[in-house]
Amino acid sequence: MKRTGLFLMGAMVIGFACSSCGNADQVGKQQLYSNATLVDSEGFTFFKTTYEKAAYELAHAQYALGQGVSADAKAIADQVIATYTTLLPELEQLAAGKQVVVPDPGALAFNASEISAVEDSVAVRFDAASYVTHVQKEHKELINQFKRVSRNTDKDLRKFGSENIAAIKEIYTLAGGHGDEGAHH
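Structural notes, computed from the coordinates. Here the residue numbers are simple positions, counted from 1 along each chain's written sequence. Whole-chain, interface and lining totals are the exception, using all residues; otherwise, since this is a predicted model, local features are given only for residues with pLDDT of at least 70 and side-chain atom pairs are given and counted only at 80 or more. The basis for every side-chain value is the complete set of heavy atoms in the structure, and neither hydrogens nor water enter the calculation.

Here we look at the overall build of the protein chain
Scanning the protein chain for helices and strands turns up seven helices and zero strands. Numbering goes from the N terminus for both helices and strands, where a helix is a DSSP run of H or I of at least four residues and a strand is a run of E of at least two. Ordered by position in the sequence, the α and β elements of the protein chain form the string α-α-α-α-α-α-α. Type-normalised accessible area, obtained with a 1.4 Å probe on protein chains alone, sets the label of each residue: buried when under 20%, exposed when over 50%, and partly exposed for intermediate values. Across the 185 residues that make up the protein chain, the buried fraction comes to 32%. Pairs of residues are marked as contacts when any of their non-hydrogen atoms sit within 4.5 Å. Taking the intrachain contacts of the protein chain between residues at least 6 apart in sequence as the baseline, contacts between residues at least 24 apart amount to 79%. For accessible areas, the Shrake-Rupley method is used with a probe of radius 1.4 Å. Any residue's cover is judged against the shown protein chains and nothing else. Within the structure as shown, the protein chain displays about 11,400 Å² of accessible surface, and the carbon and sulfur contribution to it stands at 57%.

See below:
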């Protein structure tokens, strides 16, 4: 009886140890196929939206600088590049800790050839004014995302949102946006 009990106990320990080894692969599948994360839906939306917009804006700013834009548009593009060059790796690291996959495999990516094709077909060069308007519009949406996440239940997201919202607001203001600090909803 003692041998049988020891054998069963040993088999149970080995079975338990082997079953716990597969979690890393299972988490990856859950992330990719069912979006299982360690944050709520608002945090998930923040990661996906913010990463996609920030990566797009960074590439768009780099493209704008290559087009010989005006001094105002150059200042905005420089600020966008300076902000998102440091913000994107931090966002990736935080997302990885919360088991959110960024960049999203199906996310919108900036494609300069599409803009060039449109410009060539219409015989119009890069328009700095429309770039500034674009930056203003996108950063207004980003400010909303950072405001929401700065009130999230996850302390890491709250901290990240609170620490970085000022940089996003600075770009928005530089692009001519006006904050509505006194507005109540």
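Observations regarding helix α7 (residues 155-174)
With 20 residues, α7 should cover 28 Å at 1.5 Å per step; its first-to-last C-alpha distance of 30 Å lies within 8% of that length. At any given residue, the bend is defined as the angle formed between two axes, one fitted to the seven residues that end at that position and one fitted to the seven that begin there. By the largest-angle criterion, N164 marks the main kink of α7, which is about 40°. Taken together, the buried positions of α7 are occupied by L157, F160, G161, N164, I165, I168, I171 and Y172. Of the surrounding secondary structure, the elements contacted by the buried residues of α7 are α3 (41-66), α4 (71-97) and α6 (128-149). Any pair of nitrogen or oxygen atoms within 3.5 Å is treated as a polar contact; in protein, a donor-acceptor pairing is required on top of that, and neighbouring residues in sequence qualify only through side-chain atoms on both sides. Near the N-terminus of α7, the side chain that reaches the backbone nitrogen of D156, with its oxygen 2.9 Å away, is that of D154. A positive phi of about 100° marks G176, the residue just after α7. A helix is expected to span 1.5 Å multiplied by its residue count minus one.

Observations concerning the pattern of salt bridges
For this analysis, a salt bridge means a side-chain nitrogen from Lys or Arg found within 4 Å of a carboxyl oxygen belonging to Asp or Glu. Inspection of every chain in the model, using the stated rule, returns nine salt bridges. Residue K53 is joined to E138 by a salt bridge in which the shortest nitrogen-to-oxygen separation is 2.7 Å. Of this pair, K53 sits in helix α3 while E138 is found in helix α6, placing the two residues 85 residues apart along the sequence. Residue K53 pairs with E141 through a salt bridge whose shortest N-O separation is 2.9 Å. With K53 in helix α3 and E141 in helix α6, this residue pair connects regions lying 88 residues apart in the sequence. Judged by relative accessible area, K53 falls into the buried class, the value being 18%. According to the relative accessible area criterion, E141 is partly exposed, its value standing at 34%. Ionic contacts of the salt-bridge type, sharing partners, join the residues K53, K137, E138 and E141 into one network.

Some points on the environment of A128
By secondary structure assignment, the location of A128 is in helix α6. Beyond its immediate sequence surroundings of up to four residues, A128 is in contact with V69, S70 and A73.

A closer look at the packing of aromatic side chains
Aromatic pairs are defined between Phe, Tyr and Trp rings, using the six-membered ring for Trp, whenever the two ring centres lie within 6.5 Å; interplanar angles under 30 degrees are classed as stacked, those over 60 as edge-to-face, and all others as tilted. The tally for this structure, following the rule as stated, stands at four aromatic pairs. With centroids separated by 5.2 Å and ring planes inclined at 85°, the aromatic side chains of F46 and F146 adopt a geometry described as edge-to-face. Taken together, the residues span a long stretch of sequence, with F46 in helix α3 and F146 in helix α6 at a distance of 100 residues. Like F146, F46 is buried. Here the aromatic cluster, defined as three or more aromatic residues joined through ring pairs, consists of F46, F47, F146 and F160.

Quick notes on the packing of α4 against α7
Working convention: axes come from line fits to C-alpha atoms, limited for helices to the stretch in contact. Angles between N-to-C directions cover 0 to 180 degrees. Direction vectors running N to C along α4 and α7 enclose 170°, while the axes themselves pass 10 Å from each other. Overall, the two elements α4 and α7 adopt an arrangement that is roughly antiparallel. When the axes of α4 and α7 are compared, the crossing they make is left-handed. Counting all contacts with α4, which are made through A75, I76, Q79, V80, T83, Y84, L87, E90, L91 and L94, the residues of α7 involved are D156, L157, F160, N164, A167, I168, E170, I171 and L174. As a working rule, the residues Ala, Val, Leu, Ile, Met, Phe, Trp, Tyr, Cys and Pro are called nonpolar, Asp, Glu, Lys and Arg charged, and the rest polar, with Gly in that last group. In terms of residue class, the contact of α4 with α7 is made up of 13 nonpolar, three polar and three charged. With respect to orientation, any angle under 35 degrees is reported as roughly parallel, any angle over 145 as roughly antiparallel, any angle of 65 to 115 as roughly perpendicular, and every other angle as oblique. When the near helix sits turned anticlockwise from the far one by under a right angle, the crossing is termed left-handed; a clockwise turn instead gives a right-handed crossing.

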